[in-house]
Amino acid sequence: MQYTWNDIEQHVMVCRQCPLSQTRHLPVMGRGNRQADIMLIAEAPGGQEDEQGIPFVGRSGEILDRLLHDCGLDRKELYMTNIIKCHPPGNRDPKEEEKDACFPYLKYETFLLKPRIIVCLGRVAAQRIISPDFKITRQHGTWTVRKNCALTATFHPSAILREPSRYESVKADFCEVVKKHALRY
Ligand code: URA
């Protein structure tokens, strides 16, 4: 059976596949342009995302919007989602079993979107999507091609909040994404 975006969203909204469903406030389905060529995949909703049910509405979202703006991109041109759709208490890293339980949703999102470019934001997303031994500090900004889709990773915006000097290198990674997109990779 072929799922639709609505089907996925409805499943996410009532999901009880892992214990995070008992502590979350709202699940956070991916958002954005469902015709986009570019898909951003981050780690997990933060506290504000948990309150509002929308990805990247907190401080990381502000940084992300600044990065996109500085590279001439806009949220309207992207689809953004997370590896897991529920906020882990205390912002801890998602557990393997939580990532496994949530993975079908990401698979369906990717299947329906068919992005040409996937940008992983942070180590957790890069290790799940690109390679389990991906080293974000050494390998951010590098590219891999898989099934007609170019994949890359950069630091998570929260890493810029912790270390503002990272801004320029993340911006450079995003600007490469814009260039690849313009070349209709
Ligand atoms: N951090 C994430 O990884 N995802 C969000 O949606 C918000 C903050």
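Details of the structure are given in the entry above.
Peer 1: So, the site of the ligand: which residues are in play, and what are the values?
Peer 2: Surrounding the ligand, one finds A42, E43, A44, G46, E49, P55, F56, N82 and H156. Its free accessible area being 240 Å², the ligand has 94% of it covered by the protein chains. Looking at the shell around the ligand residue by residue, the class counts come to four nonpolar, three polar and two charged.

Peer 1: Hey, could you go over the packing of aromatic side chains for me, with residue numbers and the actual values?
Peer 2: One pass over the full model with this rule turns up two aromatic pairs. Note on Y3 and Y108: the rings are 4.8 Å apart at their centroids and 80° apart in plane angle, and the pair reads as edge-to-face. Residue Y3 is found in the segment before α1 (5–13), and its partner Y108 is found in helix α5 (residues 96–113); the two are separated by 105 residues along the sequence. Seen from their ring centres, W5 and Y79 are 5.2 Å apart, and the 50° between their planes marks the pair as tilted. With W5 in helix α1 and Y79 in strand β3 (residues 78–82), this residue pair connects regions lying 74 residues apart in the sequence. Sitting over the ring of Y167, R66 keeps its end group 4.1 Å from the ring centre. The lysine or arginine in question, R128, covers the ring of F103, its NZ or CZ lying 4.6 Å from the ring centre.

What counts and how
Residues numbered from 1 in each chain as written. Predicted model: local features only at pLDDT ≥ 70, side-chain atom pairs only at ≥ 80, totals over all residues. Heavy atoms only, no water. Near = heavy atom within 4 Å. Areas by Shrake-Rupley, 256 points an atom, 1.4 Å probe, with all protein chains shown as cover. Nonpolar A, V, L, I, M, F, W, Y, C, P; charged D, E, K, R; others polar. Phe/Tyr/Trp six-rings, centres within 6.5 Å; stacked < 30°, edge-to-face > 60°. Helix = DSSP H or I, 4+ residues; strand = E, 2+ residues; numbered from the N terminus. Lys NZ or Arg CZ within 6 Å of the ring centre and 35° of its normal.

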